[in-house]
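Close look at the chain arrangement
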Amino acid sequence: MNYDQFFMMQQELGVLAVFLIVFLFDTFCGKNSRSAVTPLAILCFGIVTVCGFFCPSTGEAFAGMYATTPVISAIKSILNVGALIVMIQAVNWVNSEEGAVRRGEFFELLLVTLFGMYLMISARHFLLFIIGLESASLPLAAMVAFNKNKYESHEAAVKYIFTAIFSSAIFMMGLSFVYALSDGSLYFADLAQSIALGGNSVLLVTALAFVIAGFGFKLSLVPFHLWTADVYQGAPTSVTSYLSVISKGSAAFAFLVVLCHVFGAVYSEIWEWMMYALIILTITVGNLFAIRQRNMKRFMAFSSVSQAGYIMLGIIAANVLGMTSMIFYILVYIFSNLGVFGVIQSIENKTGYVSMDDYRGLHKTNPWLSFAMTLAVFSLAGIPPFAGFFSKILIFTGAVESGSPALYVLVLIALINTIISLYYYLLVVKAMWISPDEPVVPVFKSAGSERFGLWVCCAGIIFLGLVSCIYSWIYDASELAASEGFFITLG
């Protein structure tokens, strides 16, 4: 065996190295040194995150089962940024009396899930993909159940693990049908060739429906979203924020890879029309249910359902601009969503309040938190000149680039839903700035780590809305991937 091919997995090896450092330190250090686990994990992972931007790798390993390109390195680095912000925002929580005894476990589980997501993104063989899928899913159930003394956390973990089991079973059922259509291979390229030569069949349509349903559970696409609100509400807020951005972003890119590399030959005949229905349902249902929510974590759950529909527009575009816009949308979504969850976490840690009604008059007692929340929800809503406005414009542009009339109708429906989303996002702003009621949340000072995380999120929202070099960097990587055959099998 040629061990040099392991060096292709630079970012995976970096995450594993941080995991081992944290695990060994947490296991063997004395009780008086346990508090150093948190800064050690953040410092080491910060180094890995920075190195990921400057040391991209290209090539294949393990007989083509694993592949990496500049665009894959880019999405992994973007996910690293989000995971690092989650770690920083979680410092106050993991150092609390409730979380301190298991602070090492939180970082270890987070790193394992991130490793699994990396394998999903780089897999070019379904065996490796399934290993990554389970490595990402099962530790997340433990993270959701992290507050073991709270019933809501237990309930959320049970719902999440049952959902993960059923979604994996559905996905692998579809995969078994795809395998039946092939010549006995699970390589993406071999499966794509068999599908292209075999033509459309009932078995292929059924297989693709099962595969899309399996991803639909992971991405909270309607009608596979029913677990989302309960899990988001019951899980610790740091875990909820990680679920809402990092897990969703990695699954979206992996979904794009599978659809384009395996099922690209039947794009226009089968899965393009399946995706139309999913996107319209996801955006519309997510928006309508978000209007009814008063609990902020359930509110953000349905917001994330709707945002998943917008991310899918980049997948249905199936072109360079669509992939670029999807990755940029994920990047902006990370800063915007983590900004909202940073405020929710700060208030929850100090007061225990999580209802939107508790945010009435917040600007009188905590103007900085009100400002950060307003900036983040404006970005999520797509209000100019914040980054969310440009991410929505770009993903709409990517979706209609092919010129298909059906895609124009789809984007029109998405635009109408954007107006609906303005209403419920502005409900939060109204509660904080316009409500005449006396403030419910008292004056308090957030923890330093929480303030720093919010500053990073606000800076990202403003910076990405003003500077185009990040988008150009992603576009160049996507164009290179396209030139190397990323979309070559699309039919």
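**A look at the environment of Phe 45**
Within the secondary structure, Phe 45 is located in helix α2 (residues 37-54). Exposure remark for Phe 45: the relative accessible area of 0% places this residue in the buried category. Remark: the alpha-carbon pair of Phe 45 and Ala 83, spanning 38 residues in sequence, is separated by 9.0 Å. Excluding its chain neighbours within four sequence positions, the residues that come into contact with Phe 45 are Val 15, Val 18, Asn 80, Ala 83, Leu 84, Met 87, Leu 111 and Leu 114.

**Observations regarding the packing of aromatic side chains**
Throughout the structure, instances matching the rule amount to 28 aromatic pairs. Taking the centre distance of 6.0 Å and the plane angle of 75° together, the rings of Phe 106 and Phe 146 count as edge-to-face. Note that Phe 106 is positioned in helix α5 (residues 103-122) and Phe 146 in the loop between α6 (126-144) and α7 (151-181), a separation of 40 residues in sequence. Accessibility classification places Phe 106 together with Phe 146 in one group, the buried group. Look at Phe 162 and Phe 166: their rings are 6.5 Å apart centre to centre, the planes differ by 25°, and that puts the pair in the stacked class. Here Phe 162 and its partner Phe 166 are both found in helix α7, 4 residues apart, which amounts to about one turn of the helix. Residue Phe 162 is classed as partly exposed on the basis of its relative accessible area of 48%. For Phe 166, a relative accessible area of 51% gives the class exposed. Following the ring pairs from residue to residue traces out a cluster consisting of Phe 126, Phe 129, Phe 171, Phe 188, Phe 215 and Phe 255.

**Remarks on a nonpolar patch on the surface**
Taken together, the side chains of Leu 138, Val 158, Ile 161, Phe 162, Ile 165 and Phe 166 make up a nonpolar region of the molecular surface, amounting to roughly 550 Å² of accessible area. The leading source of residues in the nonpolar patch is α7, at 5 residues.

**Topic: the layout of surface pockets**
Put simply, the largest pocket is a space of about 440 Å³. For the largest pocket, the lining is made up of 20 residues, of which Glu 60, Arg 124, His 261, Glu 484 and Gly 485 are closest to its centre. Residues belonging to the lining of the largest pocket are distributed by class as follows: 10 nonpolar, 7 polar and 3 charged. Approximately 310 Å³ is the volume attributed to the second largest pocket. Residue lining of the second largest pocket: 18 residues in total, with Asn 147, Lys 150, Ala 235, Lys 297 and Glu 348 positioned closest to the centre. Secondary structure elements with two or more residues in the lining of the second largest pocket: α7, α10 (228-234), α11 (237-261) and α14 (320-351). Per element, the largest residue contribution to the lining of the second largest pocket is 3 residues, and it comes from α14. Looking at the lining of the second largest pocket, its residues break down into 4 nonpolar, 9 polar and 5 charged.

Basis of the calculations
- Residues numbered from 1 in each chain as written.
- Predicted model: local features only at pLDDT ≥ 70, side-chain atom pairs only at ≥ 80, totals over all residues.
- Heavy atoms only, no water.
- Helix = DSSP H or I, 4+ residues; strand = E, 2+ residues; numbered from the N terminus.
- Buried < 20%, exposed > 50% of the residue type's maximum accessible area, 1.4 Å probe, protein only.
- Contact = heavy atoms within 4.5 Å.
- Phe/Tyr/Trp six-rings, centres within 6.5 Å; stacked < 30°, edge-to-face > 60°.
- Patch = residues over 30% accessible without salt bridge, like charges linked within 9 Å, V, L, I, M, F, W, Y side chains within 5 Å.
- Areas by Shrake-Rupley, 256 points an atom, 1.4 Å probe, with all protein chains shown as cover.
- Salt bridge = Lys/Arg side-chain N within 4 Å of Asp/Glu carboxyl O.
- 1 Å grid on protein atoms, 1.4 Å probe; cavity = no way out; pocket = protein on both sides within 12 Å on 5 of 7 lines; lining within 4 Å.
- Points joined across faces, edges and corners; volume = space filled by probe spheres on them.
- Nonpolar A, V, L, I, M, F, W, Y, C, P; charged D, E, K, R; others polar.

Read these as layout, nothing more, since geometry by itself doesn't imply function.
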